[in-house]
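Structural description and commentary
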Amino acid sequence: MNRYSPPAQKPANRVDWNDPHLESLLRKTETWKLDNRGAYPAQEVQIHIGWGAAAGKPALLVWERDQAMVLETCFPIMQGEHVRVDSYLGEGVRVVWGVVVEGREGYRTEDQANGVHVHWLHVR
């Protein structure tokens, strides 16, 4: 046996999607509304909606990783809209462009009381 040979492959796990126990579990999770906004320190940003927007609007950057951002706003942004996000870092400005891939009204009680909308951006 070659010392550098790849490990033997294990057979893939098969899932029986018709199993009554699995169906019961999946039914219980249908109404879950997951919200991970508390894990990232929120940052105040200015956003510019559309390619030629001159005036910025306030927003909160509540999550960011790789090529994704989540913003909170007090107004809806249409899916597919191009958004420029300006983050102020000391004396400099970080500018990021993204496209809204999903947006909705916030589920949290405080979101609904304050008219918060949550938007997912794919960053370019």
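Up top is the structure.
One structure accompanies this document, and this report is about it.

Rules behind the numbers
Sequence order sets the numbering: in each chain, residues are counted from 1 along the sequence as written. For this predicted model, a pLDDT threshold of at least 70 governs which residues receive local features, and a threshold of 80 or more governs which side-chain atom pairs are given and counted, while totals over whole chains, interfaces and linings are taken from all residues. Each side-chain value is derived from all of the structure's non-hydrogen atoms; neither hydrogens nor water enter the calculation. Secondary structure elements follow DSSP: runs of H or I no shorter than four residues count as helices, runs of E no shorter than two count as strands, and numbering proceeds from the N terminus. Whether a residue is buried, partly exposed or exposed follows from its accessible area with a 1.4 Å probe, protein chains only, as a fraction of its type maximum: under 20%, in between, or over 50%, in that order. Here the open area of atoms and residues is found with the Shrake-Rupley method and a 1.4 Å probe, where only the protein chains shown may cover a residue. Think of it this way: a Phe, Tyr or Trp ring, Trp meaning its six-membered ring, pairs with another when their centres are within 6.5 Å, and the plane angle makes it stacked under 30 degrees, edge-to-face over 60, tilted otherwise. Two limits define a charge over a ring: the Lys NZ or Arg CZ must be within 6 Å of the ring centre, and within 35 degrees of the ring normal. If DSSP finds at least two bridges between two strands, the strands pair. Any two residues whose heavy atoms approach within 4.5 Å are treated as being in contact. Any Lys or Arg side-chain nitrogen found within 4 Å of a carboxyl oxygen on Asp or Glu counts as a salt bridge. Helix axes are fitted only over the stretch in contact, all axes being lines through C-alpha atoms; the angle between N-to-C directions runs from 0 to 180 degrees.

1. Digging into the overall build of the protein chain
Tallying secondary structure elements over the protein chain gives 2 helices and 6 strands in all. The linear arrangement of helices and strands in the protein chain, starting from the amino end, is α-β-β-β-β-β-α-β. Counting only residues that meet the buried cut, the protein chain has 27% of its 124 residues in that class. Of the roughly 9400 Å² that the protein chain leaves accessible, carbon and sulfur atoms contribute 53%.

2. Focus: the packing of aromatic side chains
Summed over the entire model, instances satisfying the criterion amount to 1 aromatic pair. Cation over ring: Lys-57 sits above Phe-75, and NZ or CZ is 4.7 Å from the ring centre. Directly above the aromatic system of Tyr-107 lies the positively charged group of Arg-104, at a separation of 3.8 Å from the ring centroid.

3. Let's talk about the pairing of strand β6 (residues 117-123)
Most of β6 sits inside the fold, with 5 of its 7 residues counted as buried. Summarising the sheet, strand β5 (residues 92-105) and β6 pair through 7 bridges and their orientation is antiparallel. Opposite Gly-98, over in β6, you have Val-123 as the bridge partner.

4. Quick look at the environment of Ala-59
Along the polypeptide, Ala-59 turns up in strand β2 (residues 57-65). The class for Ala-59 is buried, based on a relative accessible area of 7%. C-alpha of Ala-59 to C-alpha of Glu-72: the two residues are 13 residues apart in sequence and 5.7 Å apart in space. In contact with Ala-59, not counting residues within four places along its chain, are Gln-43, Glu-44, Val-45, Ile-47, Glu-72 and Thr-73.

5. Section: the pattern of salt bridges
All chains considered together, the criterion is met by 2 salt bridges. With its nearest N and O atoms 2.5 Å apart, the salt bridge here joins Glu-64 to Arg-94. Here Glu-64 is found in strand β2, whereas its partner Arg-94 is found in strand β5, with 30 residues between them in sequence. Note that Arg-84 is salt-bridged to Asp-86, the shortest N-O span being 2.9 Å. Looking at Arg-84, the relative accessible area reads 23%, which means it is partly exposed.

6. Structural notes on the sheet that holds strand β1 (residues 43-49)
The strands making up a sheet associate through backbone hydrogen bonding, with each pair oriented either parallel or antiparallel. Sheet architecture is closed into a barrel: 6 strands sit in the order β1-β2-β3-β6-β5-β4, paired in antiparallel fashion. In this sheet, neighbouring strand axes are inclined to one another by 45 degrees on average, regardless of whether the strands run parallel or antiparallel. When β1 meets strand β4 (residues 82-89), the two strands line up antiparallel, connected through 5 bridges. For Gln-46, the partnering residue across the bridge sits in β4 and is Asp-86.

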